[in-house]
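Spelled out from the first residue to the last, the chains are:
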Amino acid sequence: MERVYTTPLLDKLGIRPGMRVALIDIDDPDIRSLVAERSSDVIEGWPEPETDVVLLGADTIEALAPLEELARRIRPNGAIWVVSRKGKAATIRDVDVIEAARSARLVDNKVASFSPTHTALRLVIPVDRRPKPPR
């Protein structure tokens with residue numbers, strides 16, 4: 001018996017009310033309205049500094065090239081979700097995304113089903129590279 005997950009997509013992606021979210025090359029028309037219901041700080045395209053969550057659509061290895069620069073635009077505890085096709089329609093593999101993440105000094109720590117046709121892999125700044133809070 002296949003397990004059915006009922007967690008809403010935005011909860012899986014960690015998008016909470018008031019977060020700054022950037023959407024880059026995301027072709028899913030439903031995600032825009034979902035995010036807009038939860039946050040008024042939504043950017044289509046390149047993220048502003050201190051962005052909480054970036055959703056990056058990537059169907060080629062070349063589309064992963066901006067990961068290092070995107071990492072400079074997110075908060076220390078922020079995330080970049082790489083959204084790509086899954087299954088037989090996949091044009092890049094998880095290992096491609098993980099390799100690009102490592103090159104950008106990021107680590108992967110979660111995978112989520114984005115839609116029936118797409119998967120998402122979360123990339124974050126490693127804890128040991130995040131600024132230490134003042135004591």
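Below: a short report on this structure. Source: prediction; values computed, not measured. (Residues numbered from 1 in each chain as written. Predicted model: local features only at pLDDT ≥ 70, side-chain atom pairs only at ≥ 80, totals over all residues. Heavy atoms only, no water.)

1. Points about the layout of surface pockets
Each pocket or cavity is described by its volume, and for the largest pocket that value is around 160 Å³. Lining the largest pocket are 13 residues, with Gly14, Met19, Asn77, Gly78 and Ala79 sitting closest to its centre. Sorting the residues of the lining of the largest pocket by element identifies strand 3 (51-57), strand 4 (74-85) and strand 6 (118-124) as the ones contributing at least two each. (1 Å grid on protein atoms, 1.4 Å probe; cavity = no way out; pocket = protein on both sides within 12 Å on 5 of 7 lines; lining within 4 Å. Points joined across faces, edges and corners; volume = space filled by probe spheres on them. Helix = DSSP H or I, 4+ residues; strand = E, 2+ residues; numbered from the N terminus.)

2. Details of the side chain of Asp28
Positionally, Asp28 belongs in the loop between strand 1 (21-24) and helix 2 (29-38). For Asp28, which is buried and forms no salt bridge, the nearest opposite charge comes from Arg32, at a distance of 6.1 Å. Non-local contacts of Asp28, meaning those with residues more than four positions away in its chain, are made with Phe114 and Ser115. (Buried < 20%, exposed > 50% of the residue type's maximum accessible area, 1.4 Å probe, protein only. Lys, Arg positive; Asp, Glu negative; His and termini not counted. Salt bridge = Lys/Arg side-chain N within 4 Å of Asp/Glu carboxyl O. Contact = heavy atoms within 4.5 Å.)

3. A few points about helix 4 (residues 94-103)
Taken as a whole, helix 4 has its buried residues at Asp96, Val97, Ile98, Ala100 and Ala101. The elements touched by buried residues of helix 4 are helix 3 (67-73), strand 4, strand 5 (107-113) and strand 6. Two residues or fewer past helix 4, Arg105 is found with a positive phi of approximately 65°.

4. Details of unusual backbone geometry
Trans is the prevailing form of peptide bonds, just as negative phi is the prevailing case for residues other than glycine. Residue Glu50 is not a glycine yet carries a positive backbone phi of 65°. Positive phi outside glycine occurs at Arg105, with the angle close to 65°. Relative to the helices and strands, Arg105 is located in the loop between helix 4 and strand 5.

5. A closer look at the sheet that holds strand 4
Taken in spatial order, the six strands line up as 2-1-3-4-6-5 in an open sheet, and their pairing is mixed. Each edge of the sheet is formed by a strand with only one pairing partner; in this case those strands are strand 2 (42-44) and strand 5. Neighbour to neighbour, the strand axes of the sheet diverge by 20° on average, direction disregarded. With six bridges joining them, strand 5 and strand 6 adopt antiparallel strand pairing. Looking across to strand 6, one finds that Ala112 is bridged to Ala120. (Pairing = 2+ DSSP bridges. Axes fitted to C-alpha atoms, helices over the stretch in contact; angles between N-to-C directions.)

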